[in-house]
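Fold and contact review
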Amino acid sequence: MEIAHLGTIVVIASRDEDKCKTAALEMNKILVTMNPDELSWDKIVAGPSCSIRKEENVLNLISFVIESFGAINFLVNNAGGQFACSAEDLSEKGFGAVVDTNLK
């Protein structure tokens, strides 16, 4: 939120677009309380739903940002995942999900 407070437009995305819209709305409300003199605090925008494990979703998100704002100046990927078990107990499907999320 600090980078939005400094004037940067922030696009957030996750697999659940509705949760992102709600989060963006709530964060924008907080930004208003941080500086009520600002004319517009729509600095945090919810992007389309995006699973980073699906290349098409990632490309759609990139297109959304570029079409809406002209460029991506920097990118933060905060996605990650793991299973709370030992490596020998992790299924092949679970291992694939961890690799797809964390390493691709």
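As the structure is a computational prediction, the values presented were derived from the model and not from experiment. (Residues numbered from 1 in each chain as written. Predicted model: local features only at pLDDT ≥ 70, side-chain atom pairs only at ≥ 80, totals over all residues. Heavy atoms only, no water.)

1. Section: the environment of Val45
With respect to the helices and strands, Val45 occurs in strand E2 (residues 44–46). Residues Val45 and Met27 lie 18 residues apart in sequence; the distance between their C-alpha atoms is 9.7 Å. (Helix = DSSP H or I, 4+ residues; strand = E, 2+ residues; numbered from the N terminus.)

2. Side note on helix H4 (residues 92–102)
Turning to H4, its buried residues number three or more, namely Gly94, Ala97, Val98 and Thr101. Down the axis of H4, the smallest arc covering the buried residues is 100°, so these residues share one side. Along H4, the residues that are exposed and aim more than 90 degrees away from the buried face are Glu92 and Phe95. (Buried < 20%, exposed > 50% of the residue type's maximum accessible area, 1.4 Å probe, protein only. Arc of directions from axis to C-beta.)

3. Brief notes about the state of the cysteines
Enumeration over the complete set of coordinates arrives at 0 disulfides. Residue Cys50 stays outside any disulfide, its sulfur separated by 9.4 Å from that of Cys20, the closest cysteine. Using a relative accessible area of 9% as the deciding quantity, one classes Cys50 as buried. (Disulfide = S-S within 2.5 Å.)

4. Some details on the confidence of the model for the protein chain
The predicted model of the protein chain has a mean per-residue pLDDT of 84, with 95% of residues at 70 or higher. Per-residue pLDDT, averaged within each element of the protein chain, yields its smallest value for helix H1 (residues 2–5) (80) and its largest for helix H3 (residues 55–69) (93). (pLDDT = per-residue confidence, 0-100.)

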